[in-house]
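Descriptive analysis of the structure
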Amino acid sequence: MARRALLIGSETGGLSGPGHDTAAMATTLARWGFTPVVCEGENASRAGILDAYERLISQSRPDDAAVVYYSGHGAYAKDPSLAEGMPGPGVVQFIIPTDFEESCEDDFRGIANVELSVLLDRLTARTPNAAVVLDCCHSGAMSRDPETGAVPKVWPRAVPGHLARAHLDSLHRGGADLRGLHPGGNQNAVRIVACAMNQRAYEAPNADGVSMGYLTDALTRALDTLDPEVGRWSWATVVDRVRMLVLDRCGVQRPEVEGPGERELFGTEPVEQVASLPASRQRQWVRIAGARLLGYGAGDEFAIHHHDVPLGAVVVEWTDGHAAFGRLRGPDPELELPVGARAQLVATSVPTLPVSLGAGLESLAQDVLADPVLRLASAGETAPVRVVADSEGVALHDAVGPLSRSKPAAHDLLGDLRRVARARAVLRLSEDPGMALPARVRVELARVVDGVAHPLPACGAVLHPGQAVCVAVRNEGEQYLYVSLLDIGVSSQVTLLNPAHPSGVPIAPGKQYVFGGDDVTGALPGMELSWPSSVPPVGPRRESIVVLISEERADAVLLQQGGVRAGRPLNRLEQQLWRLGAQSSREITPMLTRSVRFAVRTVDFDVVPTPAPYSEKAVFEVDDRPDSATPPGEVGEPTRVVLRMPTLVLHHNRSFRSQDFRLDTLVVTTGADGEIRHHNHTARFTGTVDGTRLVIGGDPVFEGDVRERLDVAVWVSSARGEGADLSAVTGESTARVVDATEALLAAGADRVIGLYRAGFRADERFGAARLGAESTVRTADFTFDLTVEEVPARGPSVLR
């Protein structure tokens with residue numbers, strides 16, 4: 001039986017880790033008997049990847065094991081007329097090979113998800129023993145993680161939807177049969193993904209200072225702790241451990257396993273889920289075999305039993321590479337454990353919050369050391385929060401800025417520190433290794449406007465106080481599920497969003513429940529966002545919603561009751577929530593809990609502390625604006641730029657019933673007085689035919705001073721007489737100017753098409769840096785070149 005691995009590392013778009021990722025995977029998989037083939041550089045082009053995959057398929061035999069691994073950028077393209085959320089109709093997901101930027105309408109260099117599915121289907125037709133690992137993401141959010149500075153593994157620019165659609169059309173024309181693909185995914189392949197659909201995955205320096213993807217670093221470390229010759233471990237159990245490692249470094253990335261996760265590693269036989277672990281005596285210690293491999297450590301608590309007879313409890317004091325050790329507590333601490341004794345996890349230790357103290361605040365150190373969920377940050381450690389003295393007292397700061405308003409004494413901040421610690425712990429809440437609920441659940445975040453849900457990505461959306469959201473949870477499985485939502489606000493306050501159903505909302509198989517809806521009237525008011533007065537409004541902050549999904553009712557109110565215990569035995573999920581709520585004491589008596597499978601999902605978004613601005617309604621085929629949650633660079637002296645659009649290629653004149661049309665370009669920036677300024681440029685064409693290269697003119701479309709940002713919008717419309725006079729356009733914001741321009745164009749034409757929308761900031765030299773490397777814009781029926789150049793001032797700006 002041969003073991004082969006195809007390892008793909010595409011180091012593009014600012015990533016520096018894929019080479020380290022593939023090297024680490026090659027070393028790890030070699031321990032498990034795999035022969036790796038590495039595709040990097042030019043070998044990781046579209047053609048190189050497909051060729052290597054074809055070789056893997058042709059070489060595979062029924063008894064072989066195959067692994068396909070990818071590290072690099074993920075991306076998606078969507079048709080604005082079809083797609084609001086992701087995934088959904090009109091959305092194409094794909095990975096980014098090293099030659100992706102050579103893509104054109106007739107030669108798309110990405111590799112679409114359906115292509116990868118077809119290849120995997122063909123591979124599993126040769127051998128059912130296949131595993132796929134994807135260390136990439138699909139989210140369009142571009143901000144780095146504010147706490148760690150990690151780099152998101154998502155392509156940094158918008159990809160026109162028509163390019164991907166044309167590629168899929170060519171696949172169909174080429175005879176690709178997509179009808180045989182299983183709607184629930186390939187049932188013969190285990191698939192490990194870096195994050196949930198449409199969420200972020202990151203790379204950052206690891207403990208050794210090497211830049212790697214969070215998933216790859218955790219997966220290789222987890223696999224390296226296992227002995228290929230000893231024990232049988234399922235993919236689900238290993239990925240549970242990987243998830244814990246990743247969540248410990250980054251609370252917003254949650255790796256998942258899809259497909260037959262109950263299979264043993266690199267095999268096809270199922271492994272029974274780990275509900276308890278073997279326990280035995282080793283002198284004065286109780287040894288819990290396998291506990292360290294599953295990520296358990298000091299402070300975690302186990303109940304020891306034999307054939308359901310309780311024998312005592314163990315709090316882990318130390319670990320080796322495989323097992324955990326602690327002293328037996330109970331009626332007979334010296335009891336010799338019988339053969340077959342088992343250890344069941346009853347409580348995990350609450351992770352402590354590292355705190356940095358500013359100068360002159362040493363008196364707070366003893367309070368921090370005495371608190372069970374706080375600790376002083378060690379030398380060289382970057383603490384997520386720090387206590388800072390200012391002119392008004394002391395305040396709590398994080399990576400964004402002040403997290404609390406100043407208080408008279410440092411001791412007054414202990415409650416804020418405990419609140420932050422609890423919020424971080426809830427974000428890192430994870431399923432017990434081997435006991436994750438394999439729930440087929442779809443969770444969708446949406447913004448509610450006038451009672452209508454508008455889908456949002458599961459992370460990275462930008463929202464404002466006063467706006468409303470809803471969360472739809474659909475049970476796509478075959479058993480009843482109980483769902484609770486915990487909101488972690490910008491102040492780190494944890495709030496149960498379903499107080500009317502404290503034990504979870506029951507959702508029948510095939511049904512959906514919308515949190516934010518009115519159960520009585522059926523209306524959808526949504527859940528309104530607010531900005532707490534206790535948090536200074538210095539900039540956007542992340543808000544998260546943790547979705548708890550359980551196979552039985554679980555009382556989520558335990559989290560908010562400060563550790564008050566219920567008068568009945570708790571199940572495992574309730575025990576974890578109760579533990580997080582009991583922050584007042586290190587000494588909590590362990591108790592035997594009922595095993596219950598549960599799953600955790602997270603959606604997060606950025607809340608901007610200012611009222612929502614007017615939202616632009618115009619839709620463009622190519623939208624290349626930066627993420628509005630990313631703060632702009634520092635604004636300096638004005639820069640004189642020239643924007644040129646020398647030619648326009650008409651590929652298909654199917655949009656208009658006439659050979660005559662006009663091209664309008666709008667440029668918006670901010671004048672010296674801070675007021676919005678805009679400039680319009682119109683070019684008219686007559687008698688056009690398909691394939692014509694049209695000259696727009698030698699003069700610049702725009703020349704002027706730019707300070708904060710340069711916005712560009714381009715339309716084509718059918719020419720009807722003189723058409724609209726855009727000089728009359730007014731508006732107090734860029735969005736209103738854009739919408740007013742489109743409205744005037746629509747009033748004077750039979751049809752208006754938004755071709756291109758972009759926004760360039762000072763840190764991009766207002767487009768000179770980006771467009772200097774790639775100036776060609778491709779839309780469905782048109783192609784044009786757009787350039788921005790910095791020039792010395794020569795006379796007055798057109799915007800002055």
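Coordinates for the structure precede this section.
In this report, the structure presented in the accompanying data block is examined. Source: prediction; values computed, not measured.

1. Let's talk about the overall build of the protein
When you go through the protein residue by residue, the secondary structure sums to 11 helices and 47 strands. Counting across all 800 residues of the protein, residues that qualify as buried make up 54%. When contacts within the protein are restricted to residue pairs at least 6 apart in sequence, long-range pairs at least 24 apart make up 73% of them. Taken as a whole, the protein presents about 33,500 Å² of accessible surface, with 50% of it coming from carbon and sulfur.

2. Looking at the packing of aromatic side chains
Inspection of the entire model under this criterion finds 14 aromatic pairs. Pairing Trp32 with Phe266 gives two aromatic rings, centres 5.4 Å apart and planes at 55°, and the pair type is tilted. Of this pair, Trp32 sits in the loop between helix H1 (18-31) and strand E2 (35-40) while Phe266 sits in the loop between strand E12 (256-258) and strand E13 (277-282); the two residues are 234 residues apart in sequence, bridging distant segments of the chain. By relative accessible area, which is 5% here, Phe266 ends up buried.

3. Here's the deal with the packing of helix H2 (residues 46-59) against helix H3 (residues 113-126)
Two quantities define a packed helix pair, namely the angle between the axes and the distance from one axis to the other. At their nearest, the axes of H2 and H3 sit 9 Å apart, and the two run at 20° to each other. Taken together, the axes of H2 and H3 are roughly parallel relative to one another. As for how H2 packs across H3, the hand of that crossing is left-handed. Residues Arg46, Leu50, Tyr53, Glu54, Leu56, Ile57 and Ser58 of H2 form the contact with H3, whose own contacting residues are Glu115, Leu116, Leu119, Leu120, Arg122, Leu123 and Arg126.

4. Considering the packing of H1 against helix H5 (residues 214-224)
Relative orientation of the contacting elements H1 and H5 amounts to 20°, with a least axis distance of 10 Å. In terms of axis orientation, H1 runs roughly parallel to H5. Read as a crossing pair, H1 and H5 show a hand that is left-handed. Contact residues: Asp21, Ala24, Met25, Thr28 and Arg31 in H1; Thr216, Leu219, Thr220, Leu223 and Asp224 in H5.

5. As for the environment of Leu328
In this structure, Leu328 sits in strand E19 (residues 328-329). The exposure class assigned to Leu328 is buried, which follows from its relative accessible area of 6%. Separated by 14 residues in sequence, Leu328 and Val314 place their C-alpha atoms 5.1 Å apart. Ignoring any residue separated from it by four or fewer positions in sequence, one finds Leu328 in contact with Arg281, Val286, Ile304, Leu311, Gly312, Ala313, Val314, Pro333, Leu335 and Leu337.

6. Topic: the sheet that holds strand E46 (residues 782-785)
By way of backbone hydrogen bonds, the strands of a sheet pair with one another, either parallel or antiparallel. As summarised here, the arrangement of the four strands in space is E41-E38-E46-E45, forming an open sheet in which the pairing is antiparallel. Unpaired on one side and paired on the other, strand E41 (692-695) and strand E45 (776-778) mark the two borders of the sheet. The mean angle between the axes of side-by-side strands here comes to 20°, regardless of whether they run parallel or antiparallel. Both strand E38 (residues 647-650) and E41 contribute to a ladder of four bridges, which runs antiparallel. Looking at E41, one finds that Leu650 is bridged to Thr692.

7. As for unusual backbone geometry
Phi angles above zero are rare outside glycine, and Phe266 is one such case at about 55°. In this structure, Ser492 takes a positive phi of about 75° despite not being glycine. Along the chain, Ser492 falls in the loop between strand E29 (481-488) and strand E30 (494-496). The class for Ser492 is buried, based on a relative accessible area of 13%.

8. Quick look at the nonpolar core
Membership of the largest hydrophobic core comes to 56 residues, with the highest contact counts inside it found for Val238, Leu265, Phe266, Phe302 and Ile304. The element best represented in this core is H5, accounting for six residues. Every residue in contact with Val238, bar those within four places of it in the chain, is listed here: Leu219, Ala222, Leu223, Leu226, Trp233 and Leu265. Membership of the second largest hydrophobic core comes to 32 residues, among which are Val622, Leu663, Leu710 and Phe782.

9. As for the side chain of Thr669
The topology assignment puts Thr669 in strand E39 (residues 661-670). For Thr669, a relative accessible area of 2% corresponds to the buried category. A polar atom in the side chain of Thr669 sits 3.0 Å from the backbone oxygen of Arg709.

10. So, the sheet that holds strand E10 (residues 202-205)
In spatial order, the strands read E8-E10-E11; together these three strands make up an open sheet with antiparallel pairing. The open sheet terminates on both sides in strands that have one partner only, identified here as strand E8 (151-152) and strand E11 (211-213). Bridging between E8 and E10 involves two bridges; their strand directions are antiparallel. Residue pairing across strands places Pro152 opposite Tyr202, the latter belonging to E10. In the packing of H1 onto the sheet, contacts are made with E10 and E11, and the angle to E11 comes to roughly 70°.

11. Brief notes about the pattern of salt bridges
One pass over the full model with this rule turns up 33 salt bridges. A salt bridge links Arg542 to Asp604; the nearest nitrogen and oxygen atoms lie 3.9 Å apart. Pair noted here: Arg542 is in strand E34 (residues 541-550) and Asp604 is in strand E35 (residues 598-607), with a separation of 62 residues, a long-range link. Relative accessible area serves as the criterion here: at 23%, Arg542 is assigned to the partly exposed category. Under the relative-accessibility criterion, Asp604 is labelled buried at 1%. Of the charged contacts in the structure, one is a salt bridge between Arg597 and Glu551, with a shortest N-O distance of 3.3 Å. Pair noted here: Arg597 is in the loop between helix H9 (572-581) and E35 and Glu551 is in the loop between E34 and H9, with a separation of 46 residues, a long-range link. A cluster of three or more residues bridged by salt bridges with shared partners is formed by Glu616, Asp623, Arg625, Arg709, Asp711 and Arg757.

12. Some words on the environment of Asn43
Tracing the backbone shows Asn43 in the loop between E2 and H2. Taking the C-alpha atoms as reference points, Asn43 and Gly9, separated by 34 residues in sequence, lie 9.3 Å from one another. Dropping the residues within four chain positions of it, Asn43 is found in contact with Gly48 and Ile49.

13. Digging into the side chain of Glu115
As for its position among the elements, Glu115 is in helix H3. Exposure remark for Glu115: the relative accessible area of 10% places this residue in the buried category. Among residues more than four places away in sequence, those in contact with Glu115 are Arg46, Gly110, His167 and Leu171.

What counts and what doesn't
- Residue numbers here run from 1 along each chain, matching the order of that chain's written sequence.
- Two thresholds apply to this predicted model, a pLDDT of at least 70 for residue-level local features and 80 or more for giving and counting side-chain atom pairs, whereas whole-chain, interface and lining totals are computed over all residues.
- Just so you know, side-chain values use all the structure's heavy atoms and leave hydrogens and water out.
- Labels follow the DSSP assignment, with helices taken as runs of H or I lasting at least four residues and strands as runs of E lasting at least two, numbered in each case from the N terminus.
- Partly exposed residues are those whose accessible area sits between 20% and 50% of the maximum for their type, while under 20% is buried and over 50% is exposed, using a 1.4 Å probe and protein chains only.
- Residues are treated as being in contact if the distance between any of their heavy atoms lies within 4.5 Å.
- Using the Shrake-Rupley algorithm and a 1.4 Å probe, accessible areas are obtained, with residue cover drawn only from the displayed protein chains.
- Aromatic rings from Phe, Tyr and Trp, with only the six-membered ring used for Trp, were paired whenever their centres fell within 6.5 Å, and each pair was classed as stacked if the ring planes differed by under 30 degrees, edge-to-face if by over 60, and tilted otherwise.
- Orientation is described by axes fitted as lines to C-alpha atoms, over the contacting stretch for helices, and by angles from 0 to 180 degrees between their N-to-C directions.
- Orientation labels follow simple angle bins: below 35 degrees gives roughly parallel, above 145 gives roughly antiparallel, 65 to 115 gives roughly perpendicular, and whatever is left gives oblique.
- If you view the pair so one helix is near and one far, a crossing is left-handed when the near helix is turned anticlockwise from the far one by less than a right angle, and right-handed when it is turned clockwise.
- A pair of strands is treated as paired once DSSP finds two or more bridges between them.
- Put simply, a nonpolar core is a bunch of buried Ala, Val, Leu, Ile, Met, Phe, Trp, Tyr and Cys residues held in one set by side-chain atoms that sit within 4.5 Å of each other.
- Under the rule applied, a polar contact is a pair of N or O atoms within 3.5 Å (in protein, one hydrogen donor and one hydrogen acceptor; residues adjacent in sequence only if both atoms are side-chain atoms).
- Just to be clear on terms, a salt bridge is a Lys or Arg side-chain nitrogen sitting within 4 Å of an Asp or Glu carboxyl oxygen.

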